[in-house]
Amino acid sequence: MNKNALPTMLSFTAPNLREQIEALPEGTALIGISTHGDAIAVDLNAECPHVLVCTATGGGSTTVLRSLTAQFLHQGAHALVLDPKRISHLWAKGLPTVTHRGNIAGIHEALVGLGDELERRQGLTDTELDAAPRLIVSVDSAYSTMRGLTRYWETFRDKDDPHVSPAVTALEAALWTGRAARVHVILDGTPAPSVLGAAPHDLFGTVVLARVSATTWQRLAPLAGPAPKWSKHRGRGHVIQHGEAHETQAIWMTNADVVTWLTDPDDPQS
């Protein structure tokens, strides 16, 4: 397929796309279709335990988080959706296998709970862990979220408490040890190095970039060559895997698409 053959929007309702998504093995989710017609996916069971998405405003990061999280949920995963804007992931509210948090206090509590769950899972036998549902931690607006958690912790921590927010520590632990516990982070944005380590992007086997500066490109995709000229098409960006950049049209999945698909998968309109 040549570049002119790729539609300017790749809707979840496009012919045969849903069938293609549902045929993927557990732990694999479709990001989109490259401009050369190849399916570009992320495989959590292989080399990629986590996904980093970084785009300029309007670049489609929320859509990518929504699409990937929904696909893993459809496969039986559970999810923790951190939505500091409170309105970016309304689809997640009310779903039985999703915990949605939209304010800093709730996000702090949820991440502390994540730390406890990581510790619990690390004590399971291999058989018990295989039976545990995969856990997806979907973090929108990571930069502002991490800064907000840091300020929140500073307001009430006692002098004997750790300096770093336990919520931030838990997220960092998920990035470093999550693979072994079947916990995977899909993170939007780049948190400040002083908040979440010197080079958090080193932990992400798949990086999705759109409309970012040349400096950001070089920092997050240093092996993928110079920053490309960005397409004006909505949802068009680059997926970097194994040091190679693939220009990709991401799947457009609406809130309604997700809710219908996850709650009534036999509905032909989902």
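This text follows the structure it describes.
Only a predicted model underlies this, so the values are computations on that prediction, with no experimental measurement involved.

Draft legend 1. Region of interest: the side chain of threonine 206. With respect to the helices and strands, the residue threonine 206 is situated in strand E9 (residues 206–210). A polar atom in the side chain of threonine 206 sits 2.8 Å from the side chain of glutamine 241. Setting aside residues up to four positions removed in sequence, threonine 206 forms contacts with Ile31, Val42, Cys48, His50, Val51, Leu52, Val239, Ile240 and Gln241.

Draft legend 2. The pattern of salt bridges, seen in detail. Inspection of the entire model under this criterion finds five salt bridges. Linking glutamate 22 and arginine 18 is a salt bridge whose minimum nitrogen-to-oxygen distance equals 2.9 Å. Placement of the pair is glutamate 22 and arginine 18 together in helix H1 (residues 17–22), with a separation of four residues, close to one helical turn. Given the relative accessible area of 34%, glutamate 22 is considered partly exposed.

Draft legend 3. Region of the structure containing the pairing of strand E4 (residues 51–55). Burial within E4 is extensive, with five of its five residues counted as buried. Pairing geometry for E4 and E9, over five bridges, is parallel. Counterpart to threonine 55 in the pairing with E9 is alanine 210.

Draft legend 4. Region of the structure containing the packing of helix H5 (residues 142–156) against helix H6 (residues 166–177). Where H5 meets H6, the closest approach of the two axes is 8 Å, and the angle between their N-to-C directions is 140°. Taken together, the axis directions place H5 and H6 in an arrangement best described as oblique. Only Pro166, Ala167, Val168 and Leu171 of H6 make contact with H5, whose side of the interface consists of Met146, Leu149, Thr150 and Trp153.

Draft legend 5. Main features of the packing of aromatic side chains. Inspection of the entire model under this criterion finds four aromatic pairs. Residues tryptophan 153 and phenylalanine 156 carry aromatic rings whose centres are separated by 5.4 Å and whose planes lie at 85° to one another, so their mutual orientation is edge-to-face. One end of the pair is tryptophan 153 and the other is phenylalanine 156, both in helix H5 and three residues apart, which spans about a single turn. Overall, tryptophan 153 belongs to the buried group, its relative accessible area being 8%. By relative accessible area, which is 39% here, phenylalanine 156 ends up partly exposed. One aromatic cluster is present, built from ring pairs that chain together Tyr152, Trp153 and Phe156. Arginine 66 extends its terminal NZ or CZ atom over the ring of tryptophan 252, reaching a point 5.7 Å from the ring centre. Stacked on the ring of tryptophan 252, the Lys or Arg arginine 234 has its end atom at 4.4 Å from the ring centre.

Draft legend 6. Representation of unusual backbone geometry in the model. The phi dihedral of arginine 86 is positive, around 75°, even though this residue is not glycine. In this fold, arginine 86 is placed in the loop between strand E5 (78–82) and strand E6 (98–101). In this structure, arginine 211 takes a positive phi of about 60° despite not being glycine.

Draft legend 7. Highlighting the nonpolar core. With 36 residues, the main nonpolar core has Val42, Val51, Leu68, Phe72 and Ile251 as its most contacted residues. Going through the elements one at a time, H1, strand E2 (28–34), strand E3 (39–43), E4, helix H2 (61–74), E5, strand E11 (244–252) and helix H8 (255–263) are the ones with two or more residues in this core. Leave out the neighbours within four places in its chain, and valine 51 touches Val42, Leu68, Val185, Ile186, Leu187, Phe204, Thr206 and Val208. Among the nonpolar cores identified, the runner-up in size contains 35 residues, and Ile107, Leu135, Leu175 and Ala181 belong to it.

Draft legend 8. The side chain of threonine 216, seen in detail. With respect to the helices and strands, the residue threonine 216 is situated in helix H7 (residues 214–220). On the basis of relative accessibility, which here comes to 15%, the residue threonine 216 falls in the buried class. Polar side-chain contacts of threonine 216 include one of 3.1 Å to the side chain of serine 213.

Draft legend 9. Spotlight on H5. Relative to the 21 Å expected for 15 residues at 1.5 Å per residue, H5 spans 22 Å between its end C-alpha atoms, a close match to the ideal helical length. Three or more residues of H5 are buried, namely Ala142, Thr145, Met146, Gly148, Leu149 and Trp153. An end-on view of H5 places all buried positions within 160° of arc, on one side of the element. In this structure, the buried side of H5 is in contact with helix H3 (104–122), strand E7 (135–139), H6 and strand E8 (183–188).

Thresholds applied
Residue numbers here run from 1 along each chain, matching the order of that chain's written sequence. Side-chain atom pairs in this predicted model are given and counted only at pLDDT of 80 or more, local residue features only at pLDDT of at least 70, and totals for whole chains, interfaces and linings cover all residues. In computing side-chain values, all of the structure's heavy atoms are included and hydrogens and water are not. Numbered from the N terminus, helices here are DSSP runs of H or I no shorter than four residues, and strands are runs of E no shorter than two. Two N or O atoms form a polar contact when they lie within 3.5 Å of each other; inside protein one atom must be a possible hydrogen donor and the other a possible acceptor, and for residues adjacent in sequence the pair counts only when both atoms belong to side chains. The contact definition used throughout considers only heavy atoms, calling two residues in contact when any of these lie within 4.5 Å. The term salt bridge refers to a side-chain nitrogen of Lys or Arg lying within 4 Å of a carboxyl oxygen of Asp or Glu. Buried means the residue's accessible area, taken with a 1.4 Å probe over protein chains only, is under 20% of the maximum for its type, while exposed means over 50%, and partly exposed covers the values in between. Strands are labelled as partners when DSSP assigns at least two bridges between them. For helices, the axis comes from a line fit to the C-alpha atoms of the stretch in contact; other axes are also lines fit to C-alpha atoms, and the angle between any two N-to-C directions lies between 0 and 180 degrees. Relative orientations are named as follows: roughly parallel for angles under 35 degrees, roughly antiparallel for angles over 145 degrees, roughly perpendicular for angles from 65 to 115 degrees, and oblique for any other angle. Stacked, tilted and edge-to-face are the three classes assigned to paired rings of Phe, Tyr and Trp, where Trp is represented by its six-membered ring and a pair needs centres within 6.5 Å; plane angles under 30 degrees give stacked, over 60 edge-to-face, the rest tilted. Two conditions define a charge located above a ring, namely a distance within 6 Å from the ring centre to NZ of Lys or CZ of Arg, and an angle within 35 degrees of the ring normal. What makes a nonpolar core is a set of buried Ala, Val, Leu, Ile, Met, Phe, Trp, Tyr and Cys residues whose side-chain atoms join them at distances within 4.5 Å. For a helix, the expected span equals 1.5 Å multiplied by the residue count minus one. Note: the arc covers the axis-to-C-beta directions of the helix.

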